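Fold and contact review
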Amino acid sequence: DAGITQSPRYKITETGRQVTLMCHQTWSHSYMFWYRQDLGHGLRLIYYSAAADITDKGEVPDGYVVSRSKTENFPLTLESATRSQTSVYFCASTLNRGTEAFFGQGTRLTVV
Amino acid sequence: EDQVTQSPEALRLQEGESSSLNCSYTVSGLRGLFWYRQDPGKGPEFLFTLYSAGEEKEKERLKATLTKKESFLHITAPKPEDSATYLCAVQLDLNTGFQKLVFGTGTRLLVSP
């Protein structure tokens, strides 16, 4: 089915380890985003991408790295996980600049 | 600083009891206002986009309205299946030419039968 899928859905990792969260969309949307959702903060933008090989920082990019070699994939890597990165991560995509975003199911990441 | 505030944080209604959720914002250069619904363990689901003061949009029991400083999500005769967290987000321009969404923290709605 067409849509936006994230993997894994749940992940527990140790402090200092590298972890990659995957995001795949089948709509050929140009724009893709990574958000984190924490109690009391709402959704905050980590990184976004306007097209393959074009990425930029959002509000809270420190400690994260992204890449986008193909339009459909937008992985998010935590280079050295910290407990403060325990959160629920959502990937989203939009067809064009300014149109509504479609979200994945989320990845719940726990850093111990 | 751009800010989006939603109220109340939580709302409990009886089935059929109409009410409104509020989203107030202090931002520069509003490009649009979005409403999303989020069920537990799932990603936000798009409901409405409003672009200018006075605009209204409806979908089933939901109606969204927009003024220059706030938006309301009116829920008429709610049903238990309307229970969810409702998120408001404002769309702003970045100096990169891109637009970003700034989200409120949401209103948790529980509708009891």
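Scope of this entry: the structure provided in the associated data block. Given the structure is predicted, the values throughout are model-derived calculations rather than measurements. (Residues numbered from 1 in each chain as written. Chains lettered and ligands numbered in written order. Predicted model: local features only at pLDDT ≥ 70, side-chain atom pairs only at ≥ 80, totals over all residues. Heavy atoms only, no water.)

**Remarks on unusual backbone geometry**
Most of the time, phi is negative for any residue but glycine, and the peptide bond is trans. How we decide: Helical segments are the DSSP runs of H or I of at least four residues, strand segments are the runs of E of at least two, and each set is numbered from the N terminus. Working definition: with a 1.4 Å probe on protein chains only, accessible area under 20% of the residue-type maximum means buried, over 50% means exposed, and in between means partly exposed.
Along the chain, Ser 7 of chain A connects to Pro 8 of chain A via a cis peptide bond; the corresponding omega equals -10°. Note that Pro 8 of chain A resides in the loop between strand S1 (4-7) and strand S2 (10-13). The step from Ser 7 of chain B to Pro 8 of chain B runs through a cis peptide bond, and the omega angle for that step is -10°. One non-glycine residue, Asp 53 of chain A, adopts positive backbone phi at about 70°. Relative to the helices and strands, Asp 53 of chain A is located in the loop between strand S5 (42-51) and strand S6 (54-57). In this structure Asp 53 of chain A comes out as exposed when scored by relative accessible area, which is 66%. For Glu 60 of chain B, which is not glycine, the phi dihedral falls at a positive 55°.

**Here we look at the interface of chain B and chain A**
What counts, and what does not: Whether two residues are in contact is decided by their heavy atoms, any of which lying within 4.5 Å being enough. Buried surface area refers to the total accessible area, computed with a probe of radius 1.4 Å, that the two partners give up upon joining, counted for both partners together. Here, a salt bridge means any side-chain nitrogen of Lys or Arg that lies within 4 Å of a carboxyl oxygen of Asp or Glu. In the analysis that follows, any N or O atom pair within 3.5 Å is treated as a polar contact, provided that within protein one partner can donate a hydrogen and the other can accept it, and provided that, for residues neighboring in sequence, both atoms belong to side chains.
Contact with chain B, which involves 22 residues of that partner, is made by 22 residues of chain A. Interface area, chain B with chain A, both sides summed: about 1,700 Å², of which 58% is carbon and sulfur. Ranking the residues of chain B by area buried against chain A places Pro 44, Phe 98 and Phe 103 of chain B at the top, with a combined share of 30%. Put simply, chain B and chain A have 0 salt bridges between them. Here chain B is connected to chain A by 3 residue pairs in polar contact (both at pLDDT 80 or more). The set of elements that each furnish at least two residues to the side of chain B that touches chain A consists of strand S4 (30-38), strand S9 (84-93) and strand S10 (99-103) of chain B. No other element matches the 4 residues that S10 of chain B contributes to the side of chain B that touches chain A.

**Points about the pattern of salt bridges**
One pass over the structure, following the stated rule, counts 7 salt bridges over all chains. For Glu 55 of chain B, the salt bridge goes to Lys 57 of chain B, with nearest N and O atoms at 3.7 Å. Since its relative accessible area comes to 31%, Lys 57 of chain B is described here as partly exposed. Ionic pairing is found between Arg 61 of chain B and Asp 82 of chain B, a salt bridge with its closest N-O pair at 2.8 Å. Of this pair, Arg 61 of chain B sits in the loop between strand S6 (56-59) and strand S7 (62-66) while Asp 82 of chain B sits in the loop between strand S8 (70-75) and S9; the two residues are 21 residues apart in sequence, bridging distant segments of the chain. In this structure Asp 82 of chain B comes out as buried when scored by relative accessible area, which is 6%. When salt bridges with common partners are traced through the structure, they connect Arg 36, Asp 38 and Arg 44 of chain A into a single cluster.

**Quick word on the side chain of Thr 85 of chain B**
Relative to the helices and strands, Thr 85 of chain B is located in strand S9. With near-sequence residues (within four places) excluded, Thr 85 of chain B lies in contact with Tyr 36, Arg 37, Gln 38, Gly 106, Thr 107 and Arg 108 of chain B.

**Thoughts on the environment of His 24 of chain A**
Residue and element names in this part refer to chain A. Within the element layout of this structure, His 24 appears in strand S3 (residues 19-25). Between the C-alpha atom of His 24 and that of Gly 3, which follows or precedes it by 21 residues, the distance is 8.2 Å. In this view, His 24 contacts Gly 3, Ile 4, Thr 5, Glu 72 and Asn 73; residues no more than four positions away in its chain are not counted. At 2.7 Å, the side chain of His 24 forms a polar contact with the side chain of Asn 73.

**Considerations on the nonpolar core**
Residue and element names in this part refer to chain B. Quick reminder of the rule: What makes a nonpolar core is a set of buried Ala, Val, Leu, Ile, Met, Phe, Trp, Tyr and Cys residues whose side-chain atoms join them at distances within 4.5 Å.
Leu 33, Trp 35, Leu 73 and Tyr 86 are the most contacted members of the largest nonpolar core, which totals 24 residues. Those elements that provide at least two residues to this core are strand S2 (10-14), strand S3 (19-26), S4, strand S5 (45-50), S7, S8, S9 and strand S11 (107-112). Looking at this core, the element that brings in the most residues is S9, giving 5 residues. Residues contacting Tyr 86, with those up to four places away along its chain left out, are Gln 6, Leu 21, Trp 35, Tyr 36, Arg 37, Leu 47, Leu 62, Leu 73, Gly 106, Thr 107 and Leu 109.

**Structural notes on the packing of aromatic side chains**
Remark: the centre distance and the inter-plane angle together describe each pair of aromatic rings, the angle taken between the planes. For clarity, the threshold we go by: The criterion for an aromatic pair is that two Phe, Tyr or Trp rings (for Trp, the six-membered ring) have centres within 6.5 Å, with stacked assigned to planes under 30 degrees apart, edge-to-face to planes over 60 apart and tilted to the rest.
Throughout the structure, instances matching the rule amount to 12 aromatic pairs over all chains. An angle of 80° between the planes, with centres 6.5 Å apart, marks the rings of Phe 90 of chain A and Phe 103 of chain A as edge-to-face. With Phe 90 of chain A in strand S9 (residues 87-94) and Phe 103 of chain A in strand S10 (residues 102-103), this residue pair connects regions lying 13 residues apart in the sequence. The buried category is assigned to Phe 90 of chain A, whose relative accessible area is 2%. A network of ring pairs unites the aromatic residues Phe 33, Tyr 35, Phe 90 and Phe 103 of chain A together with Phe 34, Tyr 36, Phe 46 and Phe 103 of chain B as a single cluster.

Scope: geometric values only; no functional claims are made or implied.
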